[in-house]
Amino acid sequence: MAKTHKILTTPAPGTVVPVRSYTDEQKAKIQALREYANTLLLPESDSYHPWELRWLNKPDTMPRYMRAAKWDLEDAKKRLKNTIEWRRDFKPDLIPPDEVRIESETGKIILNGFDNEGRPILYMRPGRENTETSPRQLRHLVWCLERAKDFMPPGQESLVIIVDYNSTTLRTNPSISVARKVLNILQNHYVETLGRALVVNLPMLLNFFYKGIAPFLDPVTRDKMRFNPDLFELIPKEHLDADFGGEFEFEFEPNSYWEQIVSFCKIAPDGTRVEDSPPPPTDAATPDISLSAVASPPIESLTEADSIQRESITPIAPQGLEEISVTA
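Being a predicted model, the structure only gives us computed values, none of them experimental. (Residues numbered from 1 in each chain as written. Predicted model: local features only at pLDDT ≥ 70, side-chain atom pairs only at ≥ 80, totals over all residues. Heavy atoms only, no water.)

(A) Fine view of the packing of helix 3 (residues 61-68) against helix 4 (residues 73-90). With their axes 8 Å apart at the nearest point, helix 3 and helix 4 run at an angle of 125° to one another. Comparing the axis directions of helix 3 and helix 4 gives the class oblique. Here the hand of the crossing between helix 3 and helix 4 comes out right-handed. Only Leu73, Ala76, Arg79, Leu80 and Thr83 of helix 4 make contact with helix 3, whose side of the interface consists of Thr61, Met62, Tyr65, Met66 and Ala68. Partitioned by chemical class, the residues of the contact of helix 3 with helix 4 number seven nonpolar, two polar and one charged. (Axes fitted to C-alpha atoms, helices over the stretch in contact; angles between N-to-C directions. Helix = DSSP H or I, 4+ residues; strand = E, 2+ residues; numbered from the N terminus. Parallel < 35°, antiparallel > 145°, perpendicular 65-115°, else oblique. Left-handed = near helix turned anticlockwise from the far one by under 90°. Contact = heavy atoms within 4.5 Å. Nonpolar A, V, L, I, M, F, W, Y, C, P; charged D, E, K, R; others polar.)

Now the structure itself:
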């Protein structure tokens, strides 16, 4: 393939996205969790209300938290409440692009391409670190996770992270304390979002780093990690970066890359979505609509949304889910 600055925003032709299905009992628990979420929802007078409602209404939110809790409804409620409180404070869906743009200038985190099940690929290259440790680094990572969610084709709920330690040194590698913060966010607030974590080119010098964070890896995350795997078994060669032997010869150019991501994901300068500006305040004369009617879609809509497929993406039976789902 010719060298290019253009990012890949759709899976390779013929990619198969596994379709999830739920039993009647599981559907009932998903609906019960949604009804519980209604009781936590911010009032309409709060400026963050539209964005909280938007996240709660996504078809994958409730199922992901139920699966993460292994279908224990009370545990799922605790997990969901914890994330709602975190999102109100962090506001991951309202991070202005310019706030974190400087963190992207060397390509230390690049969102580009898809694996063989339609998961977006997030490349992390610690060796390209260009800033000092700060809260902005964490906000940049979260911004990238949100964009990976935007890239997911219908029915796909997880991503692939490839951590490339080529040229990484003790100075550029994140500290264990920073890694713990990253793990906390990924494991607790983006539950069931990590499909695979692939670590390549890890030098012996940094083995201590993984030993240091091992106690903070939950079993589910640990099971999804692979060291120096055969990437060709997991990623179409036309989507795998040439740095790893693939045919995709992507040349990183910071301005072009950033503009493509922001444009594809339709991110406004203030961090909101171009097509999703908050609705104007409700006029006093507007008839009242109950919260449950607005915020609680029937359970059929959750499962139907999982079944929507992009053109050229074919569903398969649920038995292909072992690697990306928590066993009930």
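And the narrative resumes.
(B) Spotlight on the pattern of salt bridges. Counted under the stated rule, the structure contains 26 salt bridges. Among the salt bridges present, the one from Arg139 reaches Glu99, with a minimum N-O distance of 2.4 Å. One end of the pair, Arg139, is in helix 6 (residues 135-151); the other, Glu99, is in helix 5 (residues 97-100), with 40 residues separating them in the sequence. By relative accessible area, which is 18% here, Arg139 ends up buried. With a shortest N-O distance of 2.6 Å, Glu129 and Lys108 are connected by a salt bridge. Separated by 21 residues along the polypeptide, Glu129 in the loop between strand 3 (120-124) and helix 6 and Lys108 in the loop between helix 5 and strand 2 (109-114) bring together distant segments of the chain. Judged by relative accessible area, Glu129 falls into the partly exposed class, the value being 26%. You can call Lys108 buried: its relative accessible area is 6%. (Salt bridge = Lys/Arg side-chain N within 4 Å of Asp/Glu carboxyl O. Buried < 20%, exposed > 50% of the residue type's maximum accessible area, 1.4 Å probe, protein only.)

(C) Examining unusual backbone geometry more closely. Look at Trp71: it is not a glycine, yet its phi comes out positive at around 70°. Topologically, Trp71 is positioned in the loop between helix 3 and helix 4. In the Ramachandran plot, Lys91 falls in the positive-phi region, its phi being about 50° despite a non-glycine side chain.

(D) Spatial organisation of the state of the cysteines. Under the defined criterion, the tally for this structure stands at zero disulfides. Sulfur of Cys144: no disulfide; nearest cysteine sulfur belongs to Cys265 and is 10.0 Å away. Judged by its relative accessible area of 3%, Cys265 falls in the buried class. (Disulfide = S-S within 2.5 Å.)

(E) Highlighting the packing of aromatic side chains. For the structure on display, the rule yields ten aromatic pairs. Relative to Phe244, the ring of Tyr123 has its centre 5.6 Å away and its plane inclined at 5°; by these criteria the two rings are stacked. Of this pair, Tyr123 sits in strand 3 while Phe244 is found in the loop between strand 6 (225-227) and helix 10 (254-265), placing the two residues 121 residues apart along the sequence. Between Phe252 and Tyr257 the ring centres are 5.5 Å apart and the planes differ by 55°, which places this aromatic pair in the tilted class. A relative accessible area of 22% means that Phe252 is categorised as partly exposed. Given the relative accessible area of 3%, Tyr257 is considered buried. Among the aromatic residues, those joined into a cluster by ring pairs are Trp86, Phe90 and Tyr190. Above the plane of the ring of Tyr48 lies Lys91, whose end atom (NZ or CZ) is 5.1 Å from the centre. (Phe/Tyr/Trp six-rings, centres within 6.5 Å; stacked < 30°, edge-to-face > 60°. Lys NZ or Arg CZ within 6 Å of the ring centre and 35° of its normal.)

(F) Highlighting the sheet that holds strand 3. Judged by pairing direction, the sheet is mixed, and its five strands sit side by side in the order 2-3-4-5-6 without closing on themselves. Whereas interior strands pair on both sides, the edge strands pair on one side only; in this sheet they are strand 2 and strand 6. Each strand axis lies, on average, 20° off the axis of its neighbour in the sheet, ignoring direction. Where strand 2 and strand 3 come together, four bridges link them in antiparallel fashion. The residue of strand 3 that forms the bridge with Ile109 is Met124. (Pairing = 2+ DSSP bridges.)

(G) Region of the structure containing the side chain of Arg67. Positionally, Arg67 belongs in helix 3. A polar contact of 3.2 Å, which involves the side chain of Arg67, links it to the side chain of Glu192. (Polar contact = N/O pair within 3.5 Å; in protein donor to acceptor, adjacent residues only side chain to side chain.)

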